[in-house]
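Notes for the structure review
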Amino acid sequence: MSRSFFPLTDSLLAVWAANYKAKIGNFAGLLGLTPEKVAAEQANCDAIIESVNNVSDKRGQLKGAIEARKAIIASEGGALRAEIGRHKTAVNFTDAIGEELGIKTHAPTVDFANYKAKITVELYGGIVRIKFKKMYADGINIYRRKKGALEWLYVARATKNPFDHNFSLQVAGQPEHWEYRAFGVVDDSEVGVPSDIVEIIYGV
């Protein structure tokens, strides 16, 4: 099956259609096209160009609407939060009122005694990239060890996902097999149980 000569991007498609529309009449005689046929094909091009421009306009409108939404939430939402804060200090304010208005904050219940961090590792630009989710913890403590070793070595505390671990091979050009695991951290203390062990061949 042959590939379509239509460009794959809207911007190039509009340019292609404009070019075809402008030049098809030059070859009408050679291709046996009547003026009506040329006009019909030019109308096809106009429809394509209009559709592309319409999408471009809508994208611009959507971008503007998103920016306007952000600004309104920041300004009007900020003002509303300030008023709600005052409502919560009113003598007659109750939890029931907060529930009805949807302004009562619910703190998640997390069993940190059994908390288990979740991590993945991958090679990324010659380094080890560790991805994780904090899941209500402040961060994670990352450990590693050579495959087959017993002792876990502390790597770092990560509070922002992903964490990139860059280190040198012990023997240049000789790949190393490493294992990683992590613990959740809350208030500077490790919590829960270790994550599942993940493995990676580094230096390949």
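In short, a report on the structure. (Residues numbered from 1 in each chain as written. Predicted model: local features only at pLDDT ≥ 70, side-chain atom pairs only at ≥ 80, totals over all residues. Heavy atoms only, no water.)

What to know about the side chain of E41
- Mapped onto the secondary structure, E41 falls in helix α3 (residues 35–87).
- One buried charged residue, E41, forms no salt bridge at all, with the nearest opposite charge on K37 at 4.4 Å.
- If near-sequence neighbours (up to four positions away) are discounted, E41 is found in contact with Y20, I24 and L33. (Helix = DSSP H or I, 4+ residues; strand = E, 2+ residues; numbered from the N terminus. Buried < 20%, exposed > 50% of the residue type's maximum accessible area, 1.4 Å probe, protein only. Lys, Arg positive; Asp, Glu negative; His and termini not counted. Salt bridge = Lys/Arg side-chain N within 4 Å of Asp/Glu carboxyl O. Contact = heavy atoms within 4.5 Å.)

Quick notes on unusual backbone geometry
- Between N161 and P162 the backbone carries a cis peptide bond, its omega angle lying at -5 degrees.
- Among the secondary structure elements, P162 is positioned in the loop between β4 (153–158) and β5 (163–165).
- Not every positive phi belongs to a glycine, and Y136 is a case in point at roughly 80 degrees.
- Residue placement: Y136 occurs in the loop between β2 (127–132) and β3 (139–146).
- According to the relative accessible area criterion, Y136 is exposed, its value standing at 59%.

Some thoughts on the packing of aromatic side chains
- What the rule picks out here adds up to nine aromatic pairs.
- Relative to Y154, the ring of Y143 has its centre 5.6 Å away and its plane inclined at 70 degrees; by these criteria the two rings are edge-to-face. Of the two residues, Y143 is situated in strand β3 and Y154 in strand β4; the sequence distance between them amounts to 11 residues.
- Ring geometry for Y143 versus F183: centroids 6.2 Å apart, planes at 85 degrees, classification edge-to-face. Linking Y143 in strand β3 with F183 in strand β6 (residues 176–186), this pair joins segments that are 40 residues apart in sequence. Each member of the pair, Y143 together with F183, is buried.
- Linked through ring pairs, F5, F6, W16 and Y20 together constitute an aromatic cluster.
- Between the NZ or CZ atom of R129 and the centre of the ring of Y124, over which it lies, the distance is 3.7 Å.
- Here R144 stacks its cationic end above the ring of W178, 3.7 Å away from the centre of that ring. (Phe/Tyr/Trp six-rings, centres within 6.5 Å; stacked < 30°, edge-to-face > 60°. Lys NZ or Arg CZ within 6 Å of the ring centre and 35° of its normal.)

The analysis is restricted to geometry; functional conclusions fall outside its scope.
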